[in-house]
Amino acid sequence: MPLEPLALTLALVHFGVPLAYYWYAKTVWLPKPWNLKLDEAYKPKVTIILPTYNEARIIEERLNNLYEQDYPKELLSIVVVDSASTDGTLELVEKWVMEHKDIECKILREKCRRGMVPAINYALKTNEFSGDIIVFTDADALWPTTALKNIVKYFADERVGVVTASVTYRKCGKPTTENVYRSYYNRLRVAESKKHSTPIHNGPLIAFRKDLLYKMGLLPEYTGNDDSTPASVAAFMGYRAIQIDEVVVEEYIRKKQFWRKVRRSQHLIIHFLKTKKYVKSKNLYKYSKDLEIIWRIEWFLHIVNPWLLAASFTLFLLSCMTSLSPFSFGVLSMGTLLLGSKAYRTWILQQLCLVIAAIKNLKSIEIAWSK
Ligand code: GDD
Ligand code: MN
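Described in the following lines is the structure provided in the data block. (Residues numbered from 1 in each chain as written. Chains lettered and ligands numbered in written order. Predicted model: local features only at pLDDT ≥ 70, side-chain atom pairs only at ≥ 80, totals over all residues. Heavy atoms only, no water.)

### Notes on the sheet that holds strand 8 (residues 240–252)
So, point 1. One open sheet holds the eight strands; their spatial order is 3-2-1-4-7-6-8-5, and the pairing between them is mixed. Edge positions in the sheet fall to strand 3 (104–110) and strand 5 (141–142), since each has one partner strand and no second.
So, point 2. Looking at chain direction, strand 2 (residues 76–83) and strand 3 are connected through seven bridges and run parallel. The partner of Val80 across the bridge, within strand 3, is Ile107.
So, point 3. Set on the sheet, helix 2 (residues 59–67) makes contact with strand 1 (46–52), strand 2, strand 5, strand 6 (160–170) and strand 8; between it and strand 1 the angle comes to about 170°.
So, point 4. Sitting on the sheet, helix 3 (residues 89–99) is in contact with strand 1, strand 2 and strand 3, with an inclination near 160° to strand 3. (Pairing = 2+ DSSP bridges. Helix = DSSP H or I, 4+ residues; strand = E, 2+ residues; numbered from the N terminus. Contact = heavy atoms within 4.5 Å. Axes fitted to C-alpha atoms, helices over the stretch in contact; angles between N-to-C directions.)

What follows is the structure, encoded as structure tokens:
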């Protein structure tokens, strides 16, 4: 049975497509100028929405970090939307609000927990926010003090609908494997953004034009993310949805990192499956061809490509076991040895996450996840 040629072809496609795409994006798109009208003097009103569920351990530090933003306090408001936390999060937020009267901070309470996206939608639905720009963030994020002002200046250009920051991970100050993954992905996301838009955004800091959120009918609730899906919908509505490298925010690494990555992968898979409808409905929106190319490649990388690796691995293993093929044995040994390289190991882990996530999605799509 000619298993090996097939296994080899699948492996070449699996590694070749992303490598070629990354190389192209990095050398052709990334060096491009933004070609946007940035304006440091543009200072719209900003509302930051912070959803919380059982974040007592870090909520004060998070609020202090937002308070320290180098942005006029009279133009800034914070909305904490909590879904019945049981660890005293809200008491801490209330105490913090009492102690910081010079910044507007509203607390919204949901009676029961339905998940982060429904909680944010509840906040958007039931309230009139003063901000022209709405920013979502997470409790386990930390921004540099210049984050907000550097994000906001991109909105001076009318074509920009969504801006997200680049992200690194924080764990005892040491760069982690996760950071290798992040710098590779950060570069790719910024490159895609320079070309037009990236379909993958970052929850630790993502800013939307307020009107746009209402125009799209709030956040789609078919997925658990508040970043990639609404940002892509905005891009398909004709706006630029970009990740910038000028602002880098930090995110804590929490326990059970692997399963958190699986859950995020679950959200990304749903995201790509559901936003397909925008690519098909060409007449509904006038979006750019560049966006379509980027979206299609990322769709392939998230939905199809991990399975090519799984199939290739299975075929090589079969050929090893059935015909004791030295070639298959050689390929598998090399694949195992390469796990010594961080970048390669991180890539393989990511593929594994996507495969497990696709399978887990058959059971539940994790709109409200365990904390
Ligand atoms: N109000 C409310 N209700 N907030 C919630 C709920 C809920 O049911 N569940 C989680 N949150 C809050 C958390 O307290 C935190 O501030 C934020 O939502 C993100 O939740 P994490 O538990 O930290 O999850 P994550 O870091 O894996 O989520 C990330 O990935 C998502 C995409 O899959 C974040 O970056 C999200 O913003 C992103 O959409
Ligand atoms: Mn988080």
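There's more to say after this.
### A few points about the coordination of the manganese ion (ligand 2)
So, point 1. Distances from the manganese ion (ligand 2) to its protein donors, Asp140 (OD) and Asp140 (OD), fall at 2.2 to 2.6 Å.
So, point 2. You can see Asp140 is positioned in the loop between strand 4 (133–136) and strand 5. (Donors = N, O, S within 2.8 Å, 3.2 Å for Na, K, Ca; no water.)

### A word on the pairing of strand 4
So, point 1. Taking every second residue as pointing to the same face, both faces of strand 4 are buried, with Ile133 and Val135 on one and Ile134 and Phe136 on the other.
So, point 2. One ladder, built from four bridges, connects strand 1 with strand 4; its direction is parallel. Bridge pairing in strand 4 places Val46 opposite Ile133.
So, point 3. Bridge count between strand 4 and strand 7 (residues 206–209): four bridges; the pairing is antiparallel. Bridge pairing in strand 7 places Ile133 opposite Arg209. (Buried < 20%, exposed > 50% of the residue type's maximum accessible area, 1.4 Å probe, protein only.)

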